[in-house]
Amino acid sequence: FLFSSKDIWLILRNTLGYNVIFIILGIVAPVAAAIAVGQLHSKKLAKAYQTAMFMPYFLSWVVVSALVWAFLSYDKGLINGMLESWGMERQQWYMKPAMWPPFLVFMNLWKGLGYGMVVYLATITGIDKTYYEAAGIDGATIWQQIRYITLPLMKTVIIMMFIMAVGRIFYSDFGLFYQVPRDSGLLYSATNVIDTYVYRGLMKSGNVGMSAAAGFYQSIIGFIIVLTANGIVRKVSKENAMF
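The rules behind each value
Residues numbered from 1 in each chain as written. Predicted model: local features only at pLDDT ≥ 70, side-chain atom pairs only at ≥ 80, totals over all residues. Heavy atoms only, no water. Helix = DSSP H or I, 4+ residues; strand = E, 2+ residues; numbered from the N terminus. Buried < 20%, exposed > 50% of the residue type's maximum accessible area, 1.4 Å probe, protein only. Core = buried A, V, L, I, M, F, W, Y, C linked by side-chain atoms within 4.5 Å. Contact = heavy atoms within 4.5 Å. Patch = residues over 30% accessible without salt bridge, like charges linked within 9 Å, V, L, I, M, F, W, Y side chains within 5 Å. Areas by Shrake-Rupley, 256 points an atom, 1.4 Å probe, with all protein chains shown as cover. Salt bridge = Lys/Arg side-chain N within 4 Å of Asp/Glu carboxyl O. Phe/Tyr/Trp six-rings, centres within 6.5 Å; stacked < 30°, edge-to-face > 60°.

Student: Sorry, what's going on with the overall build of the chain here?
Tutor: Scanning the chain from N- to C-terminus turns up 11 helices and zero strands. For the chain, the α and β elements follow one another from N to C terminus as α-α-α-α-α-α-α-α-α-α-α. The dimensions of the chain, computed from C-alpha atoms along their principal axes, are 65 × 50 × 25 Å. Relative to its full complement of 243 residues, the chain shows a buried share of 37%.

Student: What is the right way to look at the nonpolar core in this model?
Tutor: Of all hydrophobic cores here, the largest spans 26 residues; its most connected members are Ile-27, Val-31, Ala-34, Tyr-120, Met-154 and Ile-158. Listing elements by their share of this core, those giving two or more residues are helix H1 (5-38), helix H5 (100-125), helix H7 (142-166) and helix H10 (194-205). Top contributing element to this core by residue count: H1, with nine residues. Excluding its chain neighbours within four sequence positions, the residues that come into contact with Val-31 are Tyr-120, Leu-151, Met-154 and Ile-158. Core analysis: the second largest hydrophobic core is formed by 20 residues, Val-64, Val-68, Leu-176 and Ala-190 among them.

Student: How do you make sense of the side chain of Asn-230 when you look at a structure like this?
Tutor: On the secondary structure map, Asn-230 appears in helix H11 (residues 208-236). Take Asn-230: its relative accessible area is 3%, and that puts it in the buried class.

Student: Can you help me understand a nonpolar patch on the surface in this one?
Tutor: Together, Met-160, Met-164, Phe-216, Ile-220, Phe-223, Ile-224, Leu-227, Met-242 and Phe-243 give the surface a local cluster of nonpolar side chains, amounting to about 870 Å² of exposed area. Contributions of two or more residues to the nonpolar patch are made by H7 and H11. With five residues, H11 is the single largest residue contributor to the nonpolar patch. Residue placement: Ile-224 occurs in helix H11.

Student: Just checking my understanding: could you explain the packing of aromatic side chains for this structure?
Tutor: The relation between two aromatic rings is expressed through the spacing of the ring centres and the mutual angle of the planes. Counted by the stated rule, this structure contains 14 aromatic pairs. Here Phe-22 and Phe-177 contribute two aromatic rings whose centre-to-centre distance is 6.3 Å and whose plane-to-plane angle is 40 degrees, an arrangement assigned as tilted. Of this pair, Phe-22 sits in helix H1 while Phe-177 sits in helix H8 (residues 174-179); the two residues are 155 residues apart in sequence, bridging distant segments of the chain. Since its relative accessible area comes to 12%, Phe-22 is described here as buried. Where Tyr-57 meets Tyr-115, the ring centres are 4.9 Å apart and the plane angle is 15 degrees; that geometry is what we call stacked. On the criterion of sequence distance, the pair formed by Tyr-57 in the loop between helix H2 (43-54) and helix H3 (61-72) and Tyr-115 in helix H5 is long-range, its members being 58 residues apart. Overall, Tyr-57 belongs to the partly exposed group, its relative accessible area being 36%. Residue Tyr-115 is classed as partly exposed on the basis of its relative accessible area of 39%.

Right under this line is the structure:
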């Protein structure tokens, strides 16, 4: 079970491509959700939204995979049942690689949105309310308060979360890329990343050395990226750097 140049390009493209999207959406979406929930006047409604968005984080990918199968199964899937009732043909969703990149991005966002939102919401809760009161007296709109008060005061936490996420850019969520697609061979072009490739190689050849080398490579590269990202932040804004 050896690495070919085609395999290396594919897994690096998938690993980096997915993680870049995950990092961007993993910051933008939770920040937007935290700001939106923070603007709610009803505490009960805010708690309900927080709970609803945070619940998927506690589900294992095995459970999520079963839920996805219930929707996408060819024979008994809900979506195919709806398509058939509308006079359309059933689809083999686990044989369509083009569908899976946006779907995996959605699943990752759906599962992690609540956790990220809670982190940023805690930051918003800690902002001194007198800032908003003074801005309101001066005639600032909600959008102006968000732009000139909320976002600047969240900047340190956002940068810290970004640096931590960038440090794992060569890692992938094994459950997302292995369990959710159910290890379908026809989807490898869209779901094969470093972690799944090494796992399959270990299962087929028992080459522990390859697995250890891949883990060491991921750790070293991640460490270098964290130092680089923190160094760049330190030069731009020293007080916002992690160290």
